Amino acid sequence: MSDFGRFDATRSPERPDANSTPPKSEIRNPKSLFCDVSLPVPLDQAFTYALPETLRHRVAPGCRVLAPFGTRRLTGVVLRTHDDPPEMEAREVLRLIDAQPVLDEELLALGKWIGAYYCAPLGEVLRGMLPLASEIRRGKIYSLTDAGRDATRQLLLDAAAEDPVAQVLRALESRPLSAAYLAKKLPLADKAIKSLEKRGFIFPEQVEEDRDPLRAPSERLRVELAGERPEVKMSKPERELVAFLELHPGTHNLKDLESAVRSASAAARSLGRKKVVILKREPMAISGVYAARTPHALNPPQQEAFAQIRDTIVSRQFRTFLLHGVTGSGKTEVYLSAIDTVLAAGRGALLLVPEIALTPAMAAQFFARFGDRVAILHSAFTDNERAEQWRKIRSGGAGVAVGTRSGVFAPVRNLGLIVVDEEHDQSYKQEETPRYNGRDVAIVRAKAAGACVVLGSATPSLESRYNAGRGKYTLLELPDRVEARPMPQVELIDMRVEFLETRRQATFSRRLLEAISFRLENGEQTMLLLNRRGFSSSVACRACGERVGCVNCSLSLTYHRRDRRMLCHYCNYAEKVPSRCPKCQSEHIYFLGMGSEKVEEELHRELPKARIARLDRDTVSGKRHYESILQNFREGHYDILVGTQMIAKGHDIPNVTLVGVISADIGLGMPDFRAAERTFQILTQMSGRAGRGNLPGVVLIQTISPDHYAVRLAGRQDYQAFYERELEFRRAMRYPPFSAMANLLVRSEKQEVAMRLSGELGQFLTPPPEQLKIMGPAEAPVPRLKNEYRYQFLIKAANRTVLNELLHRVRHYALDRKWGATALVIDVDPVTLM
Ligand code: ADP
Ligand code: ZN
Ligand code: ZN
């Protein structure tokens, strides 16, 4: 492929026909002298910059520019262009980064809403909305400016043909060219380019360099026969590859071809150079053929739910549905039908899924159904890949975008539908500034776009279910599993009774071990959940009771046996297991509690023949690895999968007939008003993994608190009863959804500073405005984290406007007093209070 071809590929997105954006040379924005730029700094205002002559009609709201800020250069987003000179002399914008706005009006407005609602600086919000992490990208494209175009004719008349200036101008007259291309074709042009740039005749634009696809690893390449094939000499492997491709038309993953054709990879690359085959990068890190599955015919409850969604889509209304469907009820099929409807109406769709659920296997399902029309935004992708997907969405080349939390900002055109799968999932909440909740932002975005929202879950959050109850959302229910498959049969095992009867402090009850052995004999599979990784939960001294803690956090370290070290799960601090107690020098060190690593080991001892895999953050190094463990389990290479909550979500493995929960109690003791809700959710989701095929499933939950309502009602799989019970607790305590909540955190590496600042803030907040209840300052539940001391104010508000006003006042209070950039954290609608 020539430089030219590559350049074209980056400039005009995949489908020129679907791309209604005019070529860059035709874009003319009104000429403006100044622009207001939002920079990623923790300040509220935008900054005014002067526009150099060459940029005056190119810069539009939503474009990124590089601008001087103090001694730094920062990338910011243009909010507006205008001719009003600022009071102080404005510095000049250094460079325009995007020829077309990266944020359209709709997304700019959404960014402003997020800044206001979550009390976050706009510049930081906008930066978080863009997919291109690399601030300045390599690679330049040159084009003629107006002045350059005017001057060209005269210059060309005057100049000799071989004059580098003339050569550059002549080349650029027909179209913009990459710096790489110019350097290659016109080796002497370097100086000419510089001088033309200085005179404002040509204009460089930063674009992403598209790497030579021939150099990508095989699993990242797809290959197909070229339409017109040149007559070339071919080696034997090359002939074999061509023969194979002729027999199997279509595109193939290169890595997968290697098993079918000898030396396929080398042959394909050399044929690619000879233009006999076309090599393209995989749209994402997926290998294999996308087995297109015929859609299921919707069953009556699915049909009923879908009909309401369809009517909303067709009538182009904004409306939010809560699709409450038990595990295995076929929610996905409803989403897919809704997306079909939206596409048929010529509009776009956005599907959000929890972080852990967006695996290549799941993405492959979407490719199978929507082919080229789907783009996947995945954090495991390289910047280049993400940028490519993003451009495909913006150009209209992909009408369906699938992504995790930040996917809510995908520039889907003419948005008609947003689906939020597993809407209760915590990963929708971003735990750094801006601390937005992707689900809630989705609703705001849809409202502005006149689009339909579908929130789906087997265990809806209390907030969403409450909204459905009072008519703010429309409730759709799928009460049964598809094809009359029974719900799993859930049994609680009281571990206190087990102890009394066996006089043993065992990890596995007799009932659970029996059930696992039975599955082994029958060739069926088991999943075991333990919500804690590592080997033991902590290391302690028998003599003085000291627990070995993290040096940066007020938390104990977890013992990881395989690496022979203790690890902090919050800051990753690690140290060797001491041979003596650090406090009293006693040698009587012992290990408390248990983690997934220990469960795996004990299981090996109890069932030596079982093939056991473990899935937690220690065994999984990357997304691919995670997927390969799951894939191997799915294919039956293991009998038992042990894991943390990573295994609780969404996986559909038909041969799993037993699900065991080692301890239901781990999360219940958390100092968080959502502890019961979380426990109920994870137990229900986990139970949902059992019996998804034709064999019925059994769920065994070990617990020492079988009477706790979250455990008891999860055992009965009674969401409705849990919801009503939990709602009463929230109402009595004035927790959400009966109040709006915010968490203010004051942090400092020095304890006395954290204490003083929080004390002063406490004064500032006294007396609290009406309709607000402020608890604090108090030590946070984790008083020291990542080397910072933390004090907390919890605010409950009867009125959101009053809360929002107060939070903005607090932010300005901290800004005025020049608190350090990280000293104050404002978390609106917090999901964790640690
Ligand atoms: P959920 O997300 O509600 O837990 P899924 O959407 O994963 O459930 O569906 C569970 C299984 O049922 C999947 O294997 C899916 O292919 C299948 N399924 C969905 N709808 C139907 C249907 N109408 N008829 C038959 N099978 C279906
Ligand atoms: Zn000791
Ligand atoms: Zn730590």
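Because the structure is predicted, anything quoted here is derived from the model rather than measured.

### Things to note about the nonpolar core
Here is step 1: Among the nonpolar cores identified, the biggest contains 68 residues, and Leu103, Leu744, Leu761, Leu807 and Trp819 are the most heavily contacted of them.
Here is step 2: When residues of this core are assigned to their parent elements, the largest contribution, seven residues, is made by helix H25 (residues 800-816).
Here is step 3: Setting aside chain neighbours within four positions, we find Leu761 in contact with Leu744, Val746, Phe793, Val810, Tyr813, Trp819 and Leu824.
Here is step 4: Within the second largest apolar cluster, 39 residues are counted, among which are Ile629, Phe633, Ala648 and Leu683.

### Thoughts on helix H11 (residues 300-314)
Here is step 1: Between its first and last C-alpha, H11 extends 20 Å over 15 residues, near the 21 Å set by a 1.5 Å rise per residue.
Here is step 2: Within the span of H11, buried status applies to Gln302, Ala305, Phe306, Ile309, Thr312 and Ile313. The buried residues of H11 all sit within an arc of 115° when viewed along its axis, so they share a single face. In H11, those exposed residues whose orientation departs by more than 90 degrees from the buried face are Pro300, Glu304 and Val314.
Here is step 3: Contacts made by the buried residues of H11 are with strand S12 (319-325), helix H12 (331-344), strand S16 (415-421), strand S17 (452-457) and strand S18 (474-478).
Here is step 4: Just beyond H11, the residue with positive phi is Arg316, at close to 55°.

### Looking at the sheet that holds strand S32 (residues 788-797)
The strands that make up a sheet pair up through hydrogen bonds in the backbone, lying either parallel or antiparallel.
Here is step 1: What the four strands build is an open sheet, ordered S31-S32-S30-S33; its pairing is antiparallel. Both outer strands of the open sheet, strand S31 (772-785) and strand S33 (824-828), are each paired with one neighbouring strand and no more. For this sheet, the mean angle separating the axes of adjacent strands, direction not counted, is 20°.
Here is step 2: Strands strand S30 (740-748), S31, S32 and S33 of the sheet are contacted by helix H24 (residues 751-764), whose axis makes an angle of about 20° with S32.

### Digging into the coordination of the zinc ion (ligand 2)
Metal coordination angles in their ideal form are 109.5 degrees for the four-donor tetrahedron and 90 or 180 degrees for the six-donor octahedron.
Here is step 1: In the first shell of the zinc ion (ligand 2), the protein supplies Cys541 (SG), Cys544 (SG), Cys581 (SG) and Cys584 (SG), at 2.3 to 2.4 Å from the metal.
Here is step 2: Each donor residue of the zinc ion (ligand 2) belongs to the same chain, and together they define the spacing C-x2-C-x36-C-x2-C. One end of the pair, Cys541, is in strand S21 (residues 538-541); the other, Cys581, is in the loop between strand S24 (574-576) and strand S25 (589-592), with 40 residues separating them in the sequence.
Here is step 3: Residue class for Cys581 comes out buried when judged on its relative accessible area of 1%.

### Some words on the side chain of Ser758
Here is step 1: With respect to the helices and strands, Ser758 occurs in helix H24.
Here is step 2: We classify Ser758 as buried; its relative accessible area is 2%.
Here is step 3: Excluding residues that lie within four positions of it along the chain, Ser758 makes contacts with Val746, Pro777, Tyr791 and Phe793.

### So, the sheet that holds strand S22 (residues 558-560)
Here is step 1: Taking strand neighbours across the sheet as the criterion, the three strands line up as S22-S23-S24 in an open arrangement whose pairing is antiparallel. The open sheet has two edge strands, S22 and S24, and neither has a second partner. The sheet shows a mean angle of 35° between the axes of neighbouring strands, taken without regard to direction.
Here is step 2: Relative to strand S23 (residues 565-567), S22 runs antiparallel, the two being bridged by three bridges. Bridge pairing links Thr558 to Leu567 in S23.

### Describing the side chain of Glu238
Here is step 1: Mapped onto the elements, Glu238 comes out in helix H8 (residues 236-247).
Here is step 2: Excluding residues within four positions of it along the chain, Glu238 makes contact with Lys233, Ala267, Ser270, Leu271 and Lys274.

### Details of the packing of aromatic side chains
Here the distance between the centres and the angle between the planes together describe a pair of aromatic rings.
Here is step 1: If you walk through the whole model with that rule in mind, you get 15 aromatic pairs.
Here is step 2: With a centroid separation of 6.2 Å and 55° between ring planes, the pair formed by Phe680 and Tyr719 is classed as tilted. Taken as a pair, Phe680 in helix H21 (residues 675-687) and Tyr719 in helix H23 (residues 719-733) lie far apart in primary sequence, 39 residues in all.
Here is step 3: Aromatic pair Tyr813 and Trp819: ring centres 5.9 Å apart, planes at 80°, arrangement edge-to-face.

### Quick look at the pattern of salt bridges
Here is step 1: Taken as a whole, this structure holds 39 salt bridges when the rule is applied.
Here is step 2: The closest approach of N and O atoms between Lys274 and Glu238, which form a salt bridge, is 2.8 Å. Taken together, the residues Lys274 in the loop between helix H10 (264-273) and strand S11 (277-281) and Glu238 in helix H8 connect sequence positions 36 residues apart.
Here is step 3: The exposure class of Lys274 is partly exposed, given its relative accessible area of 29%.
Here is step 4: The residue Glu760 makes a salt bridge to Arg756 at a minimum N-O spacing of 3.4 Å. Here Glu760 and its partner Arg756 are both found in helix H24, four residues apart, which amounts to about one turn of the helix.
Here is step 5: For Glu760, a relative accessible area of 30% puts it in the partly exposed group.
Here is step 6: Salt bridges sharing partners connect three or more residues here, namely Lys429, Glu431, Arg435 and Asp827.

### So, the site of ligand 1
Here is step 1: The local shell around ligand 1 holds 17 residues, among which Ala297, Gln302, Gly328, Lys331 and Thr332 are the closest.
Here is step 2: The contact in question runs from an oxygen atom of ligand 1 to an N or O atom on the backbone of Gly330, over 3.1 Å.
Here is step 3: Within the side chain of Lys331, one N or O atom sits 2.8 Å away from an oxygen atom of ligand 1.
Here is step 4: When ligand 1 is considered free in solution it has 570 Å² of accessible area, and contact with the protein chains removes 82% of it.
Here is step 5: The dominant element in the shell around ligand 1, judged by the number of residues it contributes, is H12, at three residues.
Here is step 6: Of the residues that constitute the shell around ligand 1, the class distribution is four nonpolar, eight polar and five charged.

### A look at the pairing of S30
Here is step 1: Most of S30 is tucked away, with eight of its nine residues classed as buried.
Here is step 2: Pairing of S30 with S33 involves five bridges; the strand directions are antiparallel. Opposite Leu745, over in S33, you have Val825 as the bridge partner.

### Focus on the packing of helix H2 (residues 105-117) against helix H15 (residues 438-449)
Here is step 1: Here H2 crosses H15 at 135°, and the two axes come no closer than 10 Å. It follows that H2 is oblique to H15 by the angle criterion. The two elements H2 and H15 meet at a crossing, and its hand is right-handed. Within the contact between the two elements, H2 uses Glu106, Leu107, Leu110, Trp113 and Ile114 and H15 uses Val441, Val444, Arg445 and Ala449.
Here is step 2: Grouping the amino acids of the contact of H2 with H15 by side-chain chemistry returns seven nonpolar, no polar and two charged.

### What about the confidence of the model for the chain?
Here is step 1: Taken as a whole, the chain shows an average pLDDT of 85; of its residues, 90% reach a score of 70 or greater.
Here is step 2: Ignoring residues within four places in sequence, the model shows residues 285-289, a span with pLDDT below 50, making 17 contacts including any to other chains.

### Observations concerning the environment of Glu602
Here is step 1: Its location among the elements puts Glu602 in helix H19 (residues 596-606).
Here is step 2: A relative accessible area of 13% places Glu602 in the buried class.
Here is step 3: Sequence spacing of Glu602 and Ala506 is 96 residues, and the spatial spacing of their C-alpha atoms is 9.8 Å.
Here is step 4: With near-sequence residues (within four places) excluded, Glu602 lies in contact with Thr507 and Phe508.

### Considering H23
Here is step 1: When the terminal C-alpha atoms of H23 are compared, their 21 Å separation across 15 residues agrees well with the 21 Å that a helix rising 1.5 Å per residue should span.
Here is step 2: Every buried residue of H23 is listed here: Tyr719, Phe722, Tyr723, Glu726, Leu727 and Arg730. Down the axis, H23 shows its buried residues gathered within 130° of arc, on one side only.
Here is step 3: After H23 finishes, the residue Arg734 shows a positive phi value of roughly 60°.

### Examining unusual backbone geometry
Here is step 1: At the junction of Pro736 and Pro737, the peptide bond is cis and its omega measures out at 5° in the coordinates.
Here is step 2: The amide bond that connects Thr766 to the next residue, Pro767, takes the cis arrangement and shows omega of -10°.
Here is step 3: Along the chain, the position of Pro767 falls in the loop between H24 and S31.
Here is step 4: Positive phi values are uncommon outside glycine, yet Glu483 reaches one of about 50°.
Here is step 5: Tracing the sequence through the fold places Glu483 in the loop between S18 and strand S19 (489-494).
Here is step 6: Glu483 gets classed as exposed once you look at its relative accessible area, which sits at 67%.
Here is step 7: In the Ramachandran plot, Asn787 falls in the positive-phi region, its phi being about 70° despite a non-glycine side chain.
Here is step 8: Turning to its location among the elements, Asn787 is positioned in the loop between S31 and S32.

Criteria and cut-off values
- Residues numbered from 1 in each chain as written.
- Chains lettered and ligands numbered in written order.
- Predicted model: local features only at pLDDT ≥ 70, side-chain atom pairs only at ≥ 80, totals over all residues.
- Heavy atoms only, no water.
- Core = buried A, V, L, I, M, F, W, Y, C linked by side-chain atoms within 4.5 Å.
- Buried < 20%, exposed > 50% of the residue type's maximum accessible area, 1.4 Å probe, protein only.
- Helix = DSSP H or I, 4+ residues; strand = E, 2+ residues; numbered from the N terminus.
- Contact = heavy atoms within 4.5 Å.
- Expected span 1.5 Å × (residues − 1).
- Arc of directions from axis to C-beta.
- Pairing = 2+ DSSP bridges.
- Axes fitted to C-alpha atoms, helices over the stretch in contact; angles between N-to-C directions.
- Donors = N, O, S within 2.8 Å, 3.2 Å for Na, K, Ca; no water.
- Phe/Tyr/Trp six-rings, centres within 6.5 Å; stacked < 30°, edge-to-face > 60°.
- Salt bridge = Lys/Arg side-chain N within 4 Å of Asp/Glu carboxyl O.
- Near = heavy atom within 4 Å.
- Polar contact = N/O pair within 3.5 Å; in protein donor to acceptor, adjacent residues only side chain to side chain.
- Areas by Shrake-Rupley, 256 points an atom, 1.4 Å probe, with all protein chains shown as cover.
- Nonpolar A, V, L, I, M, F, W, Y, C, P; charged D, E, K, R; others polar.
- Parallel < 35°, antiparallel > 145°, perpendicular 65-115°, else oblique.
- Left-handed = near helix turned anticlockwise from the far one by under 90°.
- pLDDT = per-residue confidence, 0-100.

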